[in-house]
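# Summary of structural features
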Amino acid sequence: GPRGARMFNNADWLRDLPLLEFLRDTGKHFTISYMLHKESVRNRMETGISFTEFAYMLVQAHDYEHLHRLEGCELQMGGSDQWGNITAGIELVGRKHGVEVHGLTVPLLTTATGAKFGKSEDGNVWLDPARTSPYKFYQFWLNQDDRDLERLLMTFTFLSMPEVAAIVGEHARAPEKRLGQKTLAEDVTRRVHGDEALARAQQAAAALFQGGGAEARRGGETLLAIEMPEVVITAAEFGAGLPVVDLLVRAGLASSKGEARRGIEGKGYYLDAEAVTDVAARLGDGDLLEAGGRRFVVLRKGKKNYVRVVVR
């Protein structure tokens, strides 16, 4: 409808824009002094900033002017780190058209370490389950730092301020129970993926981290469905069984047998959610889980690194 959002790709007007035309129509409106006074540029001068990054301000300003001229755009919104670029666009529209347009920025959400929230070694977290599974989505929230809980609960849930205060207070009294993380993970996963996906994610987490023994065998289908790295060992190679230290190296959870032994002694490795305590332990046929026509075990290092070893 007439109020519906429209999506544009700025490559449509930037891709074929001649450099000299860009410099003539956009670049001439900005002085080097103006650009150097922008915080986003000034903060990078000592550590180094490429010409591409330096000129990006002009490109974004050009986008704003283009959308104002063709679509009547009067407001550009973004994170607070875009303030300099947005105000450059306001400046350009004012100089070229003699009208006042506006900018609106919101504070960036950062972690307790100062990093932008959502950026990690594993990349971005997506709402699309095809890009980030509900299980990984649930685990992402479950693994948040205690120091970030209050801010995340206030930002990403619809809990009232008194409810957030109560949860944070109770969490502080018994942080090992991870009430804050569980509340956050359950609330956000439920609203994004639904009750059924949340239940599956919780079942997967229980099977992976709390199962062990008979419980792991009952959760075999769940463990098989979890996305994780996989190592395949042939039945002939497996034979009557293999030392766990060899499997840890084979799975990439230890760089050497010596490291695997030290990790076992430090109780840092798990086999189907049960801690491995014997450096001489061997994995035999009776230890394999069976589900979906496959035989496997799940090896885990710490809380976040796990590998499924499949005997085929």
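In this report, the structure presented in the accompanying data block is examined. (Residues numbered from 1 in each chain as written. Predicted model: local features only at pLDDT ≥ 70, side-chain atom pairs only at ≥ 80, totals over all residues. Heavy atoms only, no water.)

## Structural notes on the overall build of the chain
Put simply, the rule is: The secondary structure listing takes helices from DSSP runs of H or I that are at least 4 residues long and strands from runs of E that are at least 2 residues long, numbered from the N terminus. With the radius of gyration taken over C-alpha atoms, the globule rule is written as 2.2 Å times the number of residues to the power 0.38. Three exposure classes are used, based on accessible area relative to the maximum for each residue type with a 1.4 Å probe and protein chains only: buried under 20%, partly exposed in between, and exposed over 50%. Contacts: residue pairs with any heavy atoms within 4.5 Å of one another. The protein chains shown are the only cover counted for residues, whose accessible areas, like all others here, come from Shrake-Rupley with a 1.4 Å probe. The charge count includes Lys and Arg as positive and Asp and Glu as negative, but it does not include His or the ends of the chains. Charged groups are reduced to one reference atom each: NZ for lysine, CZ for arginine, CG for aspartic acid, CD for glutamic acid.
Looking only at helices and strands, one finds 16 helices and ten strands in the chain. Relative to the globule expectation of 20 Å for 312 residues, the C-alpha radius of gyration of the chain, 27 Å, shows a markedly less compact shape. On the principal axes, the C-alpha backbone points of the chain span a range of 80 × 45 × 45 Å. Within the chain, the fraction of its 312 residues that count as buried is 38%. Contacts in the chain between residues at least 24 apart in sequence constitute 65% of all its contacts with a sequence separation of at least 6. Split by element, the accessible area of the chain, about 18300 Å² in all, is 53% carbon and sulfur. Of note, the chain has its 40 positive side-chain charges centred 2 Å away from the centre of its 42 negative side-chain charges.

## With respect to the pairing of strand β2 (residues 102-106)
So the rule is basically this: Two strands pair if DSSP finds at least two bridges between them.
Summarising the sheet, strand β1 (residues 75-79) and β2 pair through five bridges and their orientation is parallel. Each residue of the ladder has a partner; that of Met-77, found in β2, is Leu-104.

## Side note on the packing of helix α9 (residues 161-173) against helix α10 (residues 179-193)
The test is simple: Every axis in this analysis is a line fitted to C-alpha atoms, fitted for helices over the stretch in contact. Angles between the N-to-C directions lie between 0 and 180 degrees. We call two directions roughly parallel when the angle between them is under 35 degrees, roughly antiparallel when it is over 145, roughly perpendicular when it lies between 65 and 115, and oblique otherwise. When residue character is reported, Ala, Val, Leu, Ile, Met, Phe, Trp, Tyr, Cys and Pro are called nonpolar, Asp, Glu, Lys and Arg charged, and the others, Gly included, polar.
At their nearest, the axes of α9 and α10 sit 8 Å apart, and the two run at 140 degrees to each other. Between α9 and α10, the angle falls in the class oblique. In this structure, α9 uses Ile-167, Glu-170 and His-171 to contact α10, whose residues at the interface are Leu-179, Gly-180, Gln-181 and Thr-183. Of the residues belonging to the contact of α9 with α10, the class tally is two nonpolar, four polar and one charged.

## Examining helix α7 (residues 134-142)
Burial analysis of α7 places eight of its nine residues in the buried class, which makes it a mostly covered element. Those residues of α7 that fall on the buried side of the exposure criterion are Pro-134, Tyr-135, Phe-137, Tyr-138, Gln-139, Phe-140, Trp-141 and Leu-142.

## Some remarks on the nonpolar core
As a reminder, the rule being used: Definition used in this section: a nonpolar core is a set of buried Ala, Val, Leu, Ile, Met, Phe, Trp, Tyr and Cys residues joined via side-chain atoms within 4.5 Å.
One finds Trp-141, Leu-208 and Leu-223 to be the most contacted residues of the largest nonpolar core, which totals 30 residues. Elements with a minimum of two residues in this core: α7, α8 (149-156), α9, α10, α11 (195-211), β8 (289-291), β9 (294-301) and β10 (305-311). Judged by nonpolar contacts, the second largest core, of 24 residues, contains Ala-260, Ile-264, Val-276 and Val-307.

## Here we look at the packing of aromatic side chains
Rules: Centres within 6.5 Å make a pair out of two Phe, Tyr or Trp rings, where for Trp the six-membered ring is used; the pair is then stacked when the planes are under 30 degrees apart, edge-to-face when over 60, and tilted otherwise.
Applying the stated criterion to the full structure yields four aromatic pairs. Ring plane angle 45 degrees and centroid distance 5.5 Å describe the contact between Phe-30 and Tyr-34, whose orientation is recorded as tilted. The exposure class assigned to Phe-30 is buried, which follows from its relative accessible area of 9%. Judged by its relative accessible area of 22%, Tyr-34 is partly exposed. Judged by centre distance (5.9 Å) and plane angle (70 degrees), the rings of Phe-137 and Trp-141 are edge-to-face. Residue Phe-137 and its partner Trp-141 are both found in helix α7; the two are separated by four residues, about one turn of the helix. Comparing Phe-137 with Trp-141, the two get one shared label, buried.

## A look at the pairing of strand β3 (residues 230-233)
Across the two faces of β3 the burial differs, with Val-231 and Ile-233 buried and Glu-230 and Val-232 not buried at all. Bridge analysis of β3 against β10 gives four bridges, and the strand direction is parallel. Bridged to Val-231 within β10 is Val-309.

## With respect to a nonpolar patch on the surface
What counts here: Without a salt bridge and with relative accessible area above 30%, a residue can belong to a patch; like charges are then joined within 9 Å and nonpolar side chains (Val, Leu, Ile, Met, Phe, Trp, Tyr) within 5 Å. A side-chain nitrogen of Lys or Arg and a carboxyl oxygen of Asp or Glu constitute a salt bridge if their distance falls within 4 Å.
A contiguous nonpolar surface patch, about 340 Å² in accessible area, is contributed by Leu-19, Leu-20 and Leu-23. Its location among the elements puts Leu-19 in helix α2 (residues 19-25). With a relative accessible area of 57%, Leu-19 lands in the exposed category.

## Concerning the environment of Val-307
One can find Val-307 in strand β10. Judged by its relative accessible area of 5%, Val-307 falls in the buried class. A C-alpha to C-alpha distance of 7.2 Å links Val-307 and Val-231, two positions 76 residues apart in sequence. If we skip the residues at most four places from it in the chain, Val-307 touches Met-228, Pro-229, Glu-230, Val-231, Ala-251, Leu-253, Val-297, Val-298 and Leu-299.

## So, the pattern of salt bridges
Scanning the model with the defined rule gives 17 salt bridges in all. For Asp-285, the salt bridge identified is with Arg-295, shortest N-O distance 3.0 Å. Of the two residues, Asp-285 sits in the loop between β7 (282-283) and β8 while Arg-295 sits in strand β9, which places them ten residues apart along the sequence. Overall, the relative accessible area of 26% leaves Arg-295 in the partly exposed class.

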